Amino acid sequence: MSNSPLADAVQAALPRARAELAELVSFASVADPRLLPSQECDRAARWVADALRAEGMRDVALLDTPDGTQSVYGFLPGPAGAPTVLLYAHYDVQPPLDEEAWLTPPFELTEREDGRWYGRGAADCKGGLIMHLMALRALRDNGGIPVNVKVIVEGSEEQGTGGLERYVEANPELLAADAVVIGDSGNFRLGLPTVTASLRGMCVIEVTVETLAGNLHSGQFGGVAPDALAALIRICDSLRDREGNTAVQGLPTSEPWTGLDYPEEDFRADARVLDGVDLPGSGSIADRLWARPSVTVLGIDCPPVTGATPSVQARATALISLRVPAGVDAEAAQEALVAHVEAATPWNARVSVTRHGHGQPFRADTTSPAYAAMAKAMREAYGRDMVVSGMGGSIPLCNTLSTVYPDAEILLIGLSEPAAQIHAVNESVDPTELAALAVAEALFCREYAAGRG
Ligand code: BES
Ligand code: MN
């Protein structure tokens, strides 16, 4: 027992939280109908709506967003004159990837010996919704919820399809709030309370190279015939300089990060870099992760090794993503990437580029009163000072919220500390982190209401 009734309430609520998270994780809610049936998303959305109704929320609705998915909304009125806090999470998840590589089934929340709960979405971001519910319940049972609460749980964050962003632009009154808590980030490391002050934006393109009417014998024609796969490899390689820095023509490459330092040894451990392997690029770790663009080849369509024949390829395709730091427009960056790819294509090979989605970067105003309230709440919940970090991942809605609601104070917290291994196989959440963050969120609501009252 701690000396805090809120912390005791959250601790006592952990078994229920685990049961609820297990239900939510059991829905394979990948918002890509090519990979998994969309009924799984429908079920998850209904589960969320039922959970919000069970909290006594009003106006609970499944919002049809322009990308064909559904976001779930609810509203809980607070005391007269209280500020409004918007709580965000998403119920869609990344695909499980290699199911064989999961030590326990991805859609069955399983506690392992290390005490963590494993399952796809456990940290990113179904646990984020559970964190919100735990915070609200702890407040209700300990003197009441001191703020008006809006909850929005997005249905297609991971696909970057922009559904909720477009919905909010068209319905700006819906999510209007004084403060926003985005429960989709993570502590800098387990147990170190963190708010994330910047996110990179992202754009994706698909590049197809064609050179021949059909594949050719690599002995009879190789050496002269223009190989589409070789051309594509050259294009991809041109996106980095000799040191390994991302070098897209027209994009800044040497911006510094001013803020929290990320020691190289910590990064190596977090990223599980193999011994003896160097880190590409120059500048500090934080510069490269949070202040600069980074390009990643996400996939290549070409013959797999097993069954490959000695042939020169007539055609090859790559899916390429580009992360861009705050201050760089993601759409302009996408155009720069397209122009770079076209210019880097050798041998007058035919190249065609399809632009997929893009999401804008985000930078928070850390001088706002909500930050001070969160710092106080985090210190009380964790017994140590909060740090402010950057984050290389993307949550495109943040930029939309800061544009549509310029006065809203936006805070990013969450369960995706490095050990959570989000997006990878064997994703997990640490229940001690879930409890501590739920306490911090509850305390934040109190602090914020008091400061505004
Ligand atoms: N929760 C992540 C963003 C994140 C990653 C926060 C790591 C903190 C630590 C989010 O769900 C995510 O992965 N977003 C996608 C968005 C993209 C498709 C536009 C991403 O960053 O790949
Ligand atoms: Mn994610």
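Treat the numbers as computed from the prediction; the structure is a model and nothing was measured.

**Some words on the nonpolar core**
Counting 99 residues, the largest nonpolar core has Leu 401 and Phe 444 as the members making the most contacts within it. With 13 residues, the single largest contributor to this core is helix α12 (residues 431-452). What Leu 401 contacts, discounting residues up to four positions off in sequence, is Leu 86, Val 168, Leu 175, Val 180, Ile 182 and Ile 410.

**Quick word on the packing of helix α1 (residues 5-12) against helix α4 (residues 126-140)**
Running from N to C, α1 and α4 point in directions that differ by 125 degrees, and their axes come no closer than 9 Å. In terms of orientation, α1 and α4 fall into the oblique class. Of the two elements, α1 crosses α4, and the hand of that crossing is right-handed. Two secondary-structure elements touch here, α1 through Leu 6, Ala 9 and Val 10 and α4 through Met 134, Ala 138 and Leu 139.

**What about the side chain of Asp 287?**
Structurally, the position occupied by Asp 287 is in helix α8 (residues 285-291). Leaving out residues up to four positions away in the same chain, Asp 287 has contacts with Glu 255, Pro 256, Trp 257 and Arg 292.

**Things to note about the side chain of Ser 389**
Assignment of secondary structure puts Ser 389 in strand β16 (residues 387-391). Overall, the relative accessible area of 2% leaves Ser 389 in the buried class. Ser 389 has contacts with Phe 188, Thr 194, Val 195, Thr 196, Ala 197, Ser 198, Trp 257, Leu 260 and Trp 290, leaving out every residue within four places of it along the chain.

**A few points about the site of ligand 1**
Near ligand 1 you find 16 residues, and of these Glu 157, Asp 184, Arg 323, Ser 394 and His 423 are the closest. Between Asp 184 and ligand 1, the recorded distance is 2.8 Å, taken from a side-chain N or O atom to a nitrogen atom. At 2.9 Å, a side-chain N or O of His 423 approaches an oxygen atom of ligand 1. In the complex, 90% of the free accessible area of ligand 1, which totals 520 Å², lies under the protein chains. Residues belonging to the shell around ligand 1 are distributed by class as follows: 5 nonpolar, 6 polar and 5 charged.

**Comments concerning helix α10 (residues 369-382)**
The terminal C-alpha atoms of α10 lie 20 Å apart, and with 14 residues this matches the ideal 20 Å at 1.5 Å per residue to within 8%. Among the residues making up α10, those that are buried are Ala 370, Tyr 371, Ala 373, Met 374, Ala 375, Ala 377, Met 378 and Tyr 382. Its buried side turned inward, α10 meets β7 (179-182), β8 (194-199), β17 (409-412) and α12. Phi turns positive one or two residues past the end of α10, at Gly 383, with a value near 70 degrees.

**Let's talk about unusual backbone geometry**
Cys 125 follows Asp 124 through a cis peptide bond whose omega is 10 degrees. Backbone geometry at Arg 272 places phi at a positive 55 degrees, although glycine is not the residue there. Residue class for Arg 272 comes out exposed when judged on its relative accessible area of 58%. Of note in this structure, Asn 426 is not a glycine but carries a positive phi near 60 degrees. Of the residues examined, Asn 426 reaches a relative accessible area of 14% and is grouped as buried.

**Re the sheet that holds strand β13 (residues 315-324)**
One open sheet accounts for 4 strands, arranged β11-β13-β9-β14; its pairing is antiparallel. With partners counted over all chains shown, the strands left at the sheet margins are β11 (294-301) and β14 (350-359), one partner each. Going across the sheet, the axis of each strand differs from the next one's by a mean of 20 degrees, ignoring polarity. Taken together, the 10 bridges between strand β9 (residues 201-210) and β13 define a ladder with antiparallel strand orientation. Each bridged residue has a counterpart across the sheet, and for Val 209 the counterpart in β13 is Ala 316. Set on the sheet, helix α6 (residues 228-237) makes contact with β9, β11 and β13; between it and β13 the angle comes to about 10 degrees. Its contacts with the sheet place helix α9 (residues 330-344) against β9, β13 and β14, and it is angled at close to 165 degrees to β14.

**Re the sheet that holds strand β15 (residues 362-363)**
Sheet architecture is open: 3 strands sit in the order β15-β8-β16, paired in mixed fashion. With partners counted over all chains shown, the strands left at the sheet margins are β15 and β16, one partner each. With 2 bridges joining them, β8 and β15 adopt antiparallel strand pairing. Residue pairing for β15: Leu 199 is matched across the bridge by Phe 362.

**What to know about the coordination of the manganese ion (ligand 2)**
For the manganese ion (ligand 2), the full set of protein donor atoms is Asp 124 (OD), Glu 158 (OE), Glu 158 (OE) and His 423 (NE2), at a range of 2.1 to 2.6 Å. For the manganese ion (ligand 2), the 6 donor atoms in the first shell make angles of 53 to 154 degrees at the metal, a pattern classed as irregular. Of note, the donors binding the manganese ion (ligand 2) are all from one chain and are spaced D-x33-E-x264-H. Taken together, the positions of Glu 158 in the loop between β6 (148-154) and α5 (163-170) and His 423 in the loop between β17 and β18 (428-429) put the pair 265 residues apart, joining distant regions of the chain. Taking relative accessible area as the criterion, Glu 158 reaches 14% and is therefore assigned buried.

**Some remarks on the pairing of β7**
By the alternation rule, side chains of β7 split into Ala 179 and Val 181 and Val 180 and Ile 182, which are all buried. Taken together, the 4 bridges between strand β3 (residues 84-90) and β7 define a ladder with parallel strand orientation. Looking at the pairing, Leu 86 lines up with Val 180 of β7. Both β7 and β17 contribute to a ladder of 4 bridges, which runs parallel. Looking at the pairing, Ala 179 lines up with Glu 409 of β17.

**With respect to the domain arrangement of the chain**
Per the domain assignment, the segments of the chain are domain 1 (5-199 + 361-452) and domain 2 (201-255 + 292-358). Distance from the C-alpha centre of domain 1 to the C-alpha centre of domain 2: 35 Å. Taken together, the 8 residues of domain 1 in the interface contact 10 residues of domain 2. In total, domain 1 and domain 2 occlude about 560 Å² of area from one another, counting both sides; carbon and sulfur atoms represent 53% of this. The largest contributions to the domain 1 side of the interface with domain 2 come from Pro 361, Arg 363 and Ser 394, which together make up 67% of the buried area. Across the contact surface, domain 1 and domain 2 share 0 salt bridges. Broken down by class, the residue content of the side of domain 1 that touches domain 2 amounts to 3 nonpolar, 4 polar and 1 charged.

Thresholds, definitions, all that
- Residues numbered from 1 in each chain as written.
- Chains lettered and ligands numbered in written order.
- Predicted model: local features only at pLDDT ≥ 70, side-chain atom pairs only at ≥ 80, totals over all residues.
- Heavy atoms only, no water.
- Core = buried A, V, L, I, M, F, W, Y, C linked by side-chain atoms within 4.5 Å.
- Buried < 20%, exposed > 50% of the residue type's maximum accessible area, 1.4 Å probe, protein only.
- Helix = DSSP H or I, 4+ residues; strand = E, 2+ residues; numbered from the N terminus.
- Contact = heavy atoms within 4.5 Å.
- Axes fitted to C-alpha atoms, helices over the stretch in contact; angles between N-to-C directions.
- Parallel < 35°, antiparallel > 145°, perpendicular 65-115°, else oblique.
- Left-handed = near helix turned anticlockwise from the far one by under 90°.
- Near = heavy atom within 4 Å.
- Polar contact = N/O pair within 3.5 Å; in protein donor to acceptor, adjacent residues only side chain to side chain.
- Areas by Shrake-Rupley, 256 points an atom, 1.4 Å probe, with all protein chains shown as cover.
- Nonpolar A, V, L, I, M, F, W, Y, C, P; charged D, E, K, R; others polar.
- Expected span 1.5 Å × (residues − 1).
- Pairing = 2+ DSSP bridges.
- Donors = N, O, S within 2.8 Å, 3.2 Å for Na, K, Ca; no water.
- Tetrahedral: all angles 85-135°; square planar, octahedral: opposite > 155°, others 65-115°.
- Domains from an automatic or database assignment.
- Buried area = accessible area lost by both parts, 1.4 Å probe.
- Salt bridge = Lys/Arg side-chain N within 4 Å of Asp/Glu carboxyl O.

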